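Spelled out, the chains give:
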Amino acid sequence: MNLKSMKKKANLATIYIISVAIIFTILIPVYFIFSISFLSTREAYQYPLPLFPELRSKIKLENGERGVLLSIYDKRNDEYETLLDTTDFKKMSTYMRVNLSLNYTPEELEEKSKLLLTQTQVVFKAGKDVMHNYKTFFQVTRDAVPALIRSIQIAIITILISLSIGGTAGYTLARYQFKGKHTLKFSILFVRMFPGVAIAMPMVIILANMGLYDQPLGLSLVYSIGSIALTTWITTSIFLGIPVELEEAAQVFGATKLRTFINITLPLALPGLAASSMYAFLGAWNETISALILTQFKPTFAVVVYQALYGSTGQVNLTAAGGICMAIPTLIFTFIIRKYINQMWGDVSV
Amino acid sequence: MATVELKRLKKVYDRKVEAVKGIDLMVRDGEFLVLLGPSGCGKTTTMRMIAGLEEITEGEVLIDGISVGELPPRKRNVSMIFQNYAVWPHMTVFENIAYALKIKKMDKREVEERVKEVANLSGIESLLDRYPDQLSGGQQQRVAVARAIAVRPKVFLMDEPLSNLDAKLRVQMRTDLKEIHRSTGATTVFVTHDQSEAMSLADRIVIMKDGAIIQTGTPDEVYHNSVNRFVADFIGTPPTNFLSVSVGEKEEEGYRLKGDHLDFVANHSSLAGFEGKEVLLGVRPEDIDILEEAPIEAVCRLIEPQGSHNIVSAQIGEQRMKLSVNPDIDLKIDQPFRLVFKPGQYHFFDPETGERLDK
Ligand SMILES: Nc1ncnc2c1ncn2[C@@H]1O[C@H](COP(=O)(O)OP(=O)(O)OP(=O)(O)O)[C@@H](O)[C@H]1O
Ligand SMILES: [Mg+2]
């Protein structure tokens, strides 16, 4: 083996190591939040955190000092951990549901404990309600479902605003020559130099004056500020990449300017528009700080998830479930838009 | 069918670049007219003003006698072939060709028939389902041609449609374009900076320079009767040879011309008034004969075989010229030989203005 091929292999190995490292740094946190969202509260507060959520728990009922003694088998220590000693089966049922994600009615528990009259202990395997956190999240958090709907509304309005305004600006910058064009193009980026919070403060007053405070439309407007700038930049380069001749040909062959735009320019710009709308969507969907400031009774989903962590309900596993719920629309949106982003035509590229 | 007329047509870019300087031109019905000129002479600009893609600064464009200056491209009934093809990459070949027909709300079956017909004419009938990025450059060019003829326009505009093709394909497409023109009979304006393309395609050639028309004529006219030095030099491969000679007194058989290693008599009435002055003699490479007892002595410096003929570089004194020579004539490098300009086949040009003297 000569030096050259060894060098090549070494390079390849380095690339592999780096890619694997990148994948792990991305995947591990994702895996963790995914896994935590299925943990019961008891599991979630164990240290170290279990890597996999248990799907079934082994439960033991015994006669205790005060009443029935509830224990759960702990795999790690190979022993039963006593949780509760009570005669109140309602309390026991609630405890099991909240802390162990196990659904047993007080009647069922009472039925089982009757066996203790004839034997010293009752052991049974209980199937865990894996979706427990998700159900709970939507039950306990302040209007999670309306917040989800609001967030979707906000994202869609933001995409529409930034694509129509940013896209038009991008087209103008790409196709027309005018004085101060480059200054204008650069100054658009100015907006993005200010942190969202800085804009959000004065926005409270402006939106309040417009009657849009605590309204989805108001938030969309605020989010559009940033994404219009980005959309303008992305679409400018997209439109620059579409040869003018393609549009001129359409006009010579009978199309009006509008028709040319719809039939020729738009389809060719679609990948860039899709990418821009992805940015607009993510910006609007994940944003928390401005949303926290600019909403009061109508929070966005991101705010709800945030509050689940910091509010009275603060439980990591619930927050994780909320986080996963928040990621799902993003995944769906990405999946839909992916088709268009990949749809490049010949030499017209992003 | 149609005519195109340009009246004092002028284009000024950005209030300072005068790209077209007020040209007058009449394109006749069914004619294949070629706009020929060096890069930057305003050919594309002229064509785009006819198409309506460029605003007219001054003057008029008339199609069939009607001024179209105010009409958008789609209302001018012209079709265009672009230099970089400009076929739409997101449409199949069929869709590309059918696009204009669909806008005209043509019946679906009719569209299909028309597309098949023009695809046959352009030799792309087997490619109708493909996307442009699955085609070679030559095939894309044919799609552009098919798309242009499908609409049966009054006027065809072609802006260097062959310049992106390789040499062989270019010559082949030339023949095909001429064939298509013959079968459609559409008035055509064709732009090129390649003089051999112009010569082989044109009914008439319009030679442009710096935004102005220098000469208009059939290929034969511009070749054999070039109006000035620029045209004589621009047309023909190799171009016209220019020799500087001084005109002597009128003798019995004509004027005696003297130059570096040159001394012969020419009977050219156009030389009257130039006695004692320098003029430029222009002669085409094929208008020179090699003869034993010819008056001019030359030395062979270089031979470029072309198959059908040889291009010979000859040195006369300090001046060089190129001859197109029958390969049967045995010449060797550095061998002296004698030559003569075929009588009546050479012209004189004013050395200052470049104008031909016997216009
Ligand atoms: N959009 C424009 N803005 C300013 N000047 C222009 C513009 N388009 C063309 N010109 C100038 O006008 C002149 C004529 O250009 P044109 O494109 O018509 O030349 P052409 O004869 O087609 O040349 P080529 O053979 O290189 O295509 C050139 O000097 C060019 O620099
Ligand atoms: Mg040009």
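The residue count restarts for each chain, going from 1 along the sequence in the order it is written. Chain letters and ligand numbers both follow the written order, the letters beginning at A and the numbers at 1. In keeping with the predicted nature of the model, local features appear solely for residues at pLDDT of at least 70, side-chain atom pairs appear and are counted solely at 80 or more, and the whole-chain, interface and lining totals rest on all residues. Side-chain descriptors were evaluated using all non-hydrogen atoms of the structure, hydrogens and water having been removed beforehand.

A separate point is the overall build of chain A. Strands are runs of DSSP state E lasting at least 2 residues, helices are runs of H or I lasting at least 4, and numbering of each runs from the N terminus. The helix and strand tally for chain A stands at 14 helices and four strands. Its C-alpha atoms give chain A principal-axis dimensions of roughly 95 × 75 × 40 Å. Type-normalised accessible area, obtained with a 1.4 Å probe on protein chains alone, sets the label of each residue: buried when under 20%, exposed when over 50%, and partly exposed for intermediate values. Put simply, chain A has 350 residues, and 42% of those count as buried. Residues are treated as being in contact if the distance between any of their heavy atoms lies within 4.5 Å. For chain A, contacts bridging at least 24 residues in sequence account for 67% of all contacts bridging at least 6. Computed with a 1.4 Å probe, the accessible areas rest on the Shrake-Rupley method; for each residue, only the protein chains presented here act as cover. Only carbon and sulfur atoms are counted for the fraction: they give 67% of the accessible area of chain A, which is about 19,200 Å². Only four residue types enter the tally: Lys and Arg on the positive side, Asp and Glu on the negative side, with His and both chain ends excluded. Here the site of a charge means atom NZ of a Lys, CZ of an Arg, CG of an Asp or CD of a Glu. When the 31 basic and 22 acidic side-chain charges of chain A are each reduced to a single mean position, those positions are 13 Å apart.

Moving on: the domain arrangement of chain B. Residues and elements named next belong to chain B. Here the bounds of each domain stem from an automatic or database domain assignment. According to the domain assignment, chain B consists of domain 1 (4-234) and domain 2 (241-349). The interface of domain 1 with domain 2 comprises nine residues on the first partner and six residues on the second. Whenever a carboxyl oxygen of Asp or Glu lies within 4 Å of a side-chain nitrogen of Lys or Arg, that contact is scored as a salt bridge. Along the contact surface separating domain 1 from domain 2 lie zero salt bridges. Here a polar contact is recorded for every N or O atom pair within 3.5 Å, except that within protein the pair must consist of a potential hydrogen donor and a potential acceptor, and residues adjacent in sequence are included only if both atoms are side-chain atoms. At the junction of domain 1 and domain 2, the tally comes to three residue pairs in polar contact (both at pLDDT 80 or more). Elements supplying a minimum of two residues to the side of domain 1 that touches domain 2: helix H7 (219-224) and helix H8 (229-234). Residues are grouped as follows: Ala, Val, Leu, Ile, Met, Phe, Trp, Tyr, Cys and Pro are nonpolar; Asp, Glu, Lys and Arg are charged; all remaining types, including Gly, are polar. Of the residues assigned to the side of domain 1 that touches domain 2, the class counts are three nonpolar, four polar and two charged.

All names here are of chain B. Around ligand 1, the structure places Tyr13, Asp14, Ala19, Ser39, Gly40, Cys41, Gly42, Lys43, Thr44, Thr45, Glu160 and His193. Separating a nitrogen atom of ligand 1 from a side-chain N or O atom of Tyr13 is a distance of 3.5 Å. In this structure, an oxygen atom belonging to ligand 1 sits 2.7 Å away from a main-chain N or O atom of Gly40. Against a free-state accessible area of 630 Å², the protein chains account for coverage of 63% of ligand 1. A total of three residues in the shell around ligand 1 trace back to one element, the largest contributor, which is helix H1 (residues 43-51). Here the shell around ligand 1 is built from residues that sort into three nonpolar, six polar and three charged. When at least one non-hydrogen atom of a residue lies within 4 Å of a molecule or strand, that residue is treated as near it.

On to the pattern of salt bridges. The full count for this structure, using the stated rule, is 23 salt bridges over all chains. Put simply, Glu304(B) and Lys322(B) hold a salt bridge, and the shortest N to O gap is 3.7 Å. Residue Glu304(B) is located in strand E16 (residues 296-305), and its partner Lys322(B) is located in strand E18 (residues 319-325); the two are separated by 18 residues in the primary sequence. Put simply, Glu248(A), Arg48(B) and Glu54(B) are held in one network by salt bridges that share partners.

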